[in-house]
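# Architecture and fold: a report
So you can see what is in the structure, the chains are spelled out below.
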Amino acid sequence: MNMTKKRLIPRLLQMALVVVAVYFTFILVFDVLLGQLIPKSLLTMYMVFVIAGVVMVFTFTEQGAQELAGPIKALVEDPSRKMVRNVVFVIVPLLAGYYTYSSMLPSFEAPVELRTIHPAPPNKFKAYGKSFNLTTLENPYRKFEKEDPVKFKELVKEGGNVYIQNCQYCHGDRLDGKGPYASGLNPTPLNFQDVGTIAQLQESFLFWRISTGGPGLPAEAAPWISSMPVWQNFLTEDEIWKVILFLYDYTGRRPRSWANE
Amino acid sequence: MKNFFKTAFFSLLVISGFWGFSNFGIPQIKPAPPPVEEKLDLGAMTMDQFIALGGKIFNGKGTCTLCHNAMGRAPMLDKVGANAEERMKDARYKGEAKTVQEYIHESLVKPSAYVVAGFGKSGSNDTESPMPDVSGGGIGLNEAELAAVIAYLQDSSGSEVTVEIPQMDAAPAEGAAPVEEAALKTPEEVIVKYGCGMCHKVADQVGALGPDLTKVGKSKSKDYLRQAILDPEAVIAQGFTGGMMPPTFGEQMKAKELEMLVNYMAGLK
Amino acid sequence: MLTRNMKITFGALMLVILAMFMLPDFMPAVHASEAAAAEATSAAAPASAAASDAAAEPVANAITFPPAPKLTEADYPTIPGVNARVMVWLVAQLHLWFGAFVVAVPMFVFIIEVIGMVTRDERYDNMAYEFIKVSITAYSLTAILGGLLSFGLILFYPDLFKYLAMIFKESMFAYALLFFAESAVLYIYYYGWHWLQGGNKKWIHLTFGLLLNAVGLQLMFLANAWTTFMMSPAAVDAAGVFNGNTWEAIHNFLWNPINIHRVVANVAYGGSVVGAYAAFKFLSAQKKEERAHYDWVGYNANFIAISALLPLPFAGYYLTAEMYAYSQQMGITLMGGVFAWIFIIQAVLIGALFLSANYYLWCGMGRSDGAYRYNPRIKYIAAVLVLAFLVWFTPHTLVLTNSELKDLGGPYHQILGVFGIMPAKNTAVNFLLTFTFLSFVFYRRANKVATVSWAAAGNAAQIALFTVGLINIVILGVYYGYFTNTVYKVAASIPQVLTTLTIIITSLVIDAFMYKGAKDVAPLHWGRMPARSQYALFLLAVSFTWLMGLMGYVRSGIRQHWHVSNIFRDGSPDAFTPGLGYAASVVSVGTIIFMAMVIFVFWLSTISGKHVVAKGYWKEQA
């Protein structure tokens with residue numbers, strides 16, 4: 001029991017610093033370094049557990065608990081700290097009041113919606129008046145990549161034209177989801193440069209998604225907002241397949257296929 | 001006593017913490033009410049509607065898509081028509097079906113008759129299917145619903161639909177004789193119930209197979225309209241072919257409904 | 001020493017065999033033989049239907065059973081102002097809590113008594129006696145609540161009760177009779193404790209303890225059969241017509257998985273409630289010796305709770321897997337829709353359990369001055385526990401505000417999405433278990449110095465064991481979880497679990513040899529525990545109670561709108577599945593009632609020891 005030892009930083013402050021440090025580490029790692037922000041609801045719960053863990057570590061010895069409680073006790077009981085006490089006793093209720101006020105204040109934020117992350121594509125879908133089977137559907141032009149590179153290049157170029165005439169307004173001329181209209185959409189248009197998007201998908205999935213658009217998403221994926229048009233009404237089947245070639249070619253990604261796995 | 005209150009207070013605090021989290025920390029999902037058994041109106045159905053009904057059952061009440069989906073819990077059914085032919089010849093086939101229709105029916109009510117390799121109950125060496133008999137238990141499809149599902153499966157797998165729409169009295173699986181339905185109250189209901197809008201443009205519906213009825217009262221008398229419903233082939237409107245409109249409305253409609261409909265149409269000017 | 005051990009083993013074995021014969025005794029003879037026949041044939045032929053049909057024939061010919069009734073709202077009696085379902089729900093849950101406690105306590109009382117007999121340490125005997133004393137009051141409450149439950153069922157769900165009674169009439173009768181046996185054995189065991197002491201008498205007493213457990217477990221197994229029949233009905237056809245084979249109905253698909261899960265959970269739960277009892281007594285203790293005693297009792301109770309808590313997740317996996325095997329529909333219902341978030345709540349509660357149990361262990365290091373050298377390591381354990389817990393807690397579907405959604409560009413989260421699926425959670429749970437065990441190892445070693453010559457090598461071996469094991473768990477989780485098909489994702493949990501068990505068992509064996517004859521660093525002061533550690537024990541008990549209530553809701557809820565799954569439809573206005581928030585409210589009210597009753601029971605045990613001499617009140621006797 002070494003109570004006389006003076007610490008450089010008081011334990012209470014240490015604890016607060018650890019909690020704050022963890023909090024900002026989360027923010028730093030997710031929001032800044034990884035560029036995928038951490039949802040507020042999740043961060044709140046994370047912090048509850050982190051605080052629980054930190055409090056446990058700081059109080060499991062008698063000495064630690066006393067050092068922690070000491071300043072608080074002194075604040076309440078020590079006559080020489082009257083001024084600080086009064087200030088704290090005014091500020092704390094005010095903070096609580098402010099928190100309650102701000103959390104009860106009506107906001108324009110739409111209510112939080114639950115989304116199904118993986119909207120399973122249908123196995124079959126109807127487009128252009130016929131039925132497509134997603135599991136066996138393949139890009140009819142993909143074979144030219146090996147067989148006839150010159151023709152393939154031509155096809156990609158045609159796909160590029162289709163893209164520039166139709167898609168780039170939202171998905172951007174660099175395929176990064178930052179087209180002129182993108183800022184008006186929520187959720188934002190997909191960024192094809194991202195490894196998590198088209199690189200994870202098969203060409204048949206893209207064909208389904210493009211030809212049937214937002215309205216073609218399955219009911220089980222609701223609530224799902226997508227403002228993508230039903231492209232089968234505007235593009236031909238061939239044009240869609242060519243634009244898919246272009247998407248992969250421009251981004252340098254490979255479509256996912258079961259054959260390689 | 002002091003400790004009694006202290007511990008009780010602490011317990012209350014913990015419980016309210018858990019309670020608060022369960023109520024406010026997570027999204028509340030409203031449970032769906034128990035499913036209601038649907039009454040089928042088969043008499044007025046076309047084969048397309050019947051197939052659509054099968055699709056609805058397949059995706060809904062039948063709970064088929066829980067397993068028959070892309071996640072590989074059960075075999076996909078997109079080629080069931082073609083597969084059925086081969087499977088009935090397979091040595092492992094234990095059923096008695098002769099046709100595709102019979103095969104599908106059998107696989108719905110006796111799923112173990114043929115188990116696709118790899119999809120059997122674990123440990124049964126593909127002799128026993130994990131699928132329930134869909135005519136009983138929790139799914140409880142009746143014969144009419146089964147027929148609809150078979151029609152849907154045949155249609156969606158690209159093979160010929162051989163199912164016939166069952167007669168009306170097959171629908172209520174059991175219980176007392178079907179209750180005489182009360183006559184409908186408004187002409188719009190009549191139009192919806194008898195599906196006029198499938199072919200005609202009338203009352204907010206936009207069918208295009210038959211004549212436009214939105215201003216039919218201008219040129220046609222009540223007697224003409226009545227006759228056109230009861231005996232559609234009597235006079236064929238210009239530009240349309242005969243044999244399209246069902247001649248059965250005379251048996252299906254109540255007199256009150258028929259008169260209401262005729263009066264309504266006569267008033268469309 | 002050796003002969004005594006042999007005697008104990010032999011005696012225990014004999015009694016277990018005796019107990020195994022008991023269940024069929026209470027069944028009508030014809031069913032017992034059928035049971036054997038049905039079991040024998042079902043092993044040979046996968047489709048046991050034919051075998052059981054044949055076996056059931058003699059009965060079926062005599063009586064034909066009616067199908068399950070089709071009920072409407074009018075078939076459910078109501079009492080104005082009483083919500084029938086909530087009423088039955090609460091009473092059933094309270095009955096279950098007390099029942100679990102009452103079934104569990106004799107199990108570890110028996111073990112503690114044996115430990116006392118082997119070590120000849122009287123403290124164990126006293127502790128065992130005290131535990132059984134607490135359970136006596138709880139026993140009468142269990143019976144009262146059980147009576148209330150049957151009344152509730154007869155009153156509010158008469159047709160369901162009638163249907164179940166038709167199928168389970170023999171076992172219900174046996175159940176009632178077994179309660180006589182249970183009471184008799186319990187009272188002899190408790191009131192005869194001080195009478196049956198020493199030599200052969202102690203052996204007789206121990207026999208009663210075993211008998212008590214045998215009867216208690218059989219009671220629970222029977223009640224489990226009725227519950228599991230409602231989930232996975234057997235011996236009935238699709239219309240609910242009973243084929244007359246009682247054993248088949250009892251031995252339904254989920255019976256044994258639930259039995260295993262409940263036995264393990266009950267021990268953990270009983271341990272936690274007894275821990276709360278010790279904590280309560282510790283806090284109220286006036287004298288130093290009393291504090292020391294209840295500190296020691298609390299430590300043992302916590303030890304029991306944790307030991308049973310470690311295998312519990314695996315029992316849970318087994319049960320869930322069997323549910324999937326019984327009906328994929330049931331399994332998917334369990335994991336999605338209304339119940340999608342329940343496993344997040346469960347994660348929070350189990351996290352609370354593990355954290356409070358660990359905290360108690362760490363606080364316990366303060367009992368001796370020798371343990372201070374281990375204190376700096378605690379923060380690393382805490383960090384891993386919290387981290388593992390955060391992974392476990394991360395939901396698959398994130399709750400996002402619209403602005404966050406826009407920032408992420410959609411509901412995909414590249415990093416957190418990885419933690420949302422099962423392999424990550426399995427890995428996290430195994431880390432939780434391993435590090436909780438590590439806490440325990442540290443606690444045991446804290447005040448000791450190994451004297452064996454190979455201590456350094458032993459330590460190195462243990463460090464290697466933990467390191468390799470943990471790496472293995474991570475690799476299994478990452479490889480199977482993210483680089484293979486869905487089919488293998490869940491399969492990874494089995495080798496992970498085996499790794500964890502290997503770590504625990506091997507490490508225990510090494511420890512047992514290494515610390516043989518180890519010397520203490522400083523004296524151990526039982527009773528030198530802060531009050532907050534006792535609240536950790538309370539937290540353990542309360543969390544456990546609440547968790548049991550919640551999981552009871554799910555177990556029952558996955559039947560959805562059926563009384564008996566897919567056979568007997570619930571036609572009452574309450575047939576809907578309640579949402580999570582609603583269920584949480586009911587469970588909370590139940591937990592409050594339960595804790596009030598339990599603390600009342602604890603308080604009773606403190607006043608029973610008080611004697612007030614009222615001077616001048618009584619007439620002086622000549």
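Scroll up to find the structure this text is about.
Residues numbered from 1 in each chain as written. Chains lettered and ligands numbered in written order. Predicted model: local features only at pLDDT ≥ 70, side-chain atom pairs only at ≥ 80, totals over all residues. Heavy atoms only, no water.

### Side note on the overall build of chain B
On a plain count of helices and strands, chain B comes out with ten helices and two strands. Listing every helix and strand of chain B by position from the N terminus yields α-α-α-α-α-α-β-β-α-α-α-α. Evaluated residue by residue, chain B yields a buried proportion of 38% over its 269 residues. Restricting the contact set of chain B to residue pairs at least 6 apart, pairs at least 24 apart contribute 53%. Accessible area of chain B: about 15,400 Å², with a carbon and sulfur share of 58%. (Helix = DSSP H or I, 4+ residues; strand = E, 2+ residues; numbered from the N terminus. Buried < 20%, exposed > 50% of the residue type's maximum accessible area, 1.4 Å probe, protein only. Contact = heavy atoms within 4.5 Å. Areas by Shrake-Rupley, 256 points an atom, 1.4 Å probe, with all protein chains shown as cover.)

### Regarding the overall build of chain A
Along its length, chain A carries eight helices and two strands. Beginning at the N terminus, the succession of helices and strands in chain A can be written as α-α-α-α-β-β-α-α-α-α. For chain A, the proportion of its 261 residues judged to be buried stands at 37%. Here the analysis covers contacts within chain A between residues at least 6 apart in sequence; of these, 58% occur between residues at least 24 apart.

### With respect to helix 18 (residues 422–446) of chain C
For helix 18 of chain C, built from 25 residues, the straight-helix expectation of 36 Å at 1.5 Å per residue is met to within 8% by its first-to-last C-alpha distance of 36 Å. For helix 18 of chain C, a buried count of 23 out of 25 residues is recorded, marking the element as mostly surrounded by other parts of the structure. (Expected span 1.5 Å × (residues − 1).)

### A few points about the state of the cysteines
Every disulfide links exactly two cysteines, by a covalent bond between their sulfur atoms. Under the definition given, this model contains zero disulfides over all chains. You can see A:C167 has no disulfide; the closest cysteine sulfur is in A:C170, sitting 8.9 Å from it. (Disulfide = S-S within 2.5 Å.)

### Quick notes on the pattern of salt bridges
Scanning all chains against the criterion turns up eleven salt bridges over all chains. With a closest N to O distance of 3.0 Å, A:E145 and A:R142 form a salt bridge. Judged by relative accessible area, which is 29%, A:E145 ranks as partly exposed. Looking at A:R142, the relative accessible area reads 16%, which means it is buried. Its salt-bridge partner being C:R367, residue C:D295 comes within 2.7 Å of it at the nearest N-O pair. One end of the pair, C:D295, is in helix 11 (residues 288–309); the other, C:R367, is in the loop between helix 14 (342–364) and helix 15 (375–393), and 72 residues separate them in sequence. (Salt bridge = Lys/Arg side-chain N within 4 Å of Asp/Glu carboxyl O.)

### Observations regarding the side chain of A:R142
Residues and elements named next belong to chain A. Position of R142 relative to the elements: it lies in the loop between strand 2 (130–133) and helix 5 (144–147). Of the polar contacts made by the side chain of R142, one reaches the side chain of E203; its length is 2.7 Å. In this view, R142 contacts F152, E203, L245, Y248, R254 and P255; residues no more than four positions away in its chain are not counted. (Polar contact = N/O pair within 3.5 Å; in protein donor to acceptor, adjacent residues only side chain to side chain.)

### Observations concerning the side chain of C:K281
Residue and element names in this part refer to chain C. Inspection of the secondary structure puts K281 in helix 10 (residues 255–284). Buried and unpaired, K281 has E130 as its nearest opposite-charge partner, separated by 5.0 Å. Ignoring sequence-local partners within four residues, the contact set of K281 consists of E130, Y294, S605 and T606. (Lys, Arg positive; Asp, Glu negative; His and termini not counted.)

### A closer look at the packing of aromatic side chains
Following the criterion strictly, the structure yields 55 aromatic pairs over all chains and no others. Seen in terms of ring centroids, A:F49 and C:F389 are 4.5 Å apart; in terms of plane orientation they differ by 65°. Their pairing is edge-to-face. In this pair, A:F49 sits in helix 2 (residues 40–59) while C:F389 sits in helix 15, so the two residues belong to two different chains. What makes C:F389 buried here is its relative accessible area of 1%. Three or more aromatic residues joined by ring pairs form one cluster here, namely C:Y129, C:Y139, C:Y175, C:F179, C:Y187, C:Y189, C:Y190, C:Y191, C:W193 and C:W226. Directly above the ring of B:Y224 sits B:K220, whose terminal nitrogen or CZ lies 5.4 Å from the centroid. Above the plane of the ring of C:F442 lies C:R377, whose end atom (NZ or CZ) is 5.4 Å from the centre. (Phe/Tyr/Trp six-rings, centres within 6.5 Å; stacked < 30°, edge-to-face > 60°. Lys NZ or Arg CZ within 6 Å of the ring centre and 35° of its normal.)

### Here we look at unusual backbone geometry
Both trends apply: most residues other than glycine have a negative phi, and most peptide bonds are in trans. Residues and elements named next belong to chain C. In this structure, R120 is a non-glycine residue whose phi angle is positive, near 55°. Tracing the backbone through its elements, the reader meets R120 in the loop between helix 5 (84–119) and helix 6 (122–156). Judged by its relative accessible area of 63%, R120 is exposed. Here the phi dihedral of N566 falls at roughly 60°; this positive angle occurs in a residue that is not glycine. Within the element layout of this structure, N566 appears in the loop between strand 3 (562–564) and strand 4 (568–569). Given a relative accessible area of 30%, N566 falls into the partly exposed group.

### Observations concerning the environment of C:F339
Residues and elements named next belong to chain C. By the secondary structure assignment, F339 is in the loop between helix 13 (328–335) and helix 14. Taking relative accessible area as the criterion, F339 reaches 2% and is therefore assigned buried. F339 sits 219 residues away from I558 along the chain, and the two C-alpha atoms are 8.6 Å apart. When neighbours within four sequence positions are excluded, F339 is seen to be in contact with T333, L334, Y553, V554, G557, I558 and T577.

### Observations regarding the packing of helix 2 of chain A against helix 14 of chain C
Put simply, helix 2 of chain A and helix 14 of chain C touch, their axes get as near as 10 Å, and they point 10° apart. One way to sum up the angle between helix 2 of chain A and helix 14 of chain C is to call them roughly parallel. Side by side, helix 2 of chain A and helix 14 of chain C meet where A:F49, A:M56 and A:T59 of the first sit next to C:V348, C:L355, C:Y359 and C:W362 of the second. Its residues assigned to classes, the contact of helix 2 of chain A with helix 14 of chain C comprises six nonpolar, one polar and no charged. (Axes fitted to C-alpha atoms, helices over the stretch in contact; angles between N-to-C directions. Parallel < 35°, antiparallel > 145°, perpendicular 65-115°, else oblique. Nonpolar A, V, L, I, M, F, W, Y, C, P; charged D, E, K, R; others polar.)

### A word on a nonpolar patch on the surface
The grouping of C:W454, C:I494, C:L498, C:L501, C:I505, C:V509 and C:F513 at the surface amounts to a nonpolar patch, some 670 Å² of accessible area in total. Checked against the element boundaries, C:F513 lands in helix 21 (residues 493–514). (Patch = residues over 30% accessible without salt bridge, like charges linked within 9 Å, V, L, I, M, F, W, Y side chains within 5 Å.)

### Some points on the environment of C:M595
Here C:M595 lies in helix 23 (residues 580–607). On the accessibility criterion, C:M595 (4% relative accessible area) is buried. For the pair C:M595 and C:V273, spaced 322 residues apart in sequence, the C-alpha separation works out to 9.7 Å. Apart from residues no more than four positions distant in its own chain, C:M595 is found in contact with B:S11, B:I15, C:F538, C:V542 and C:T545.

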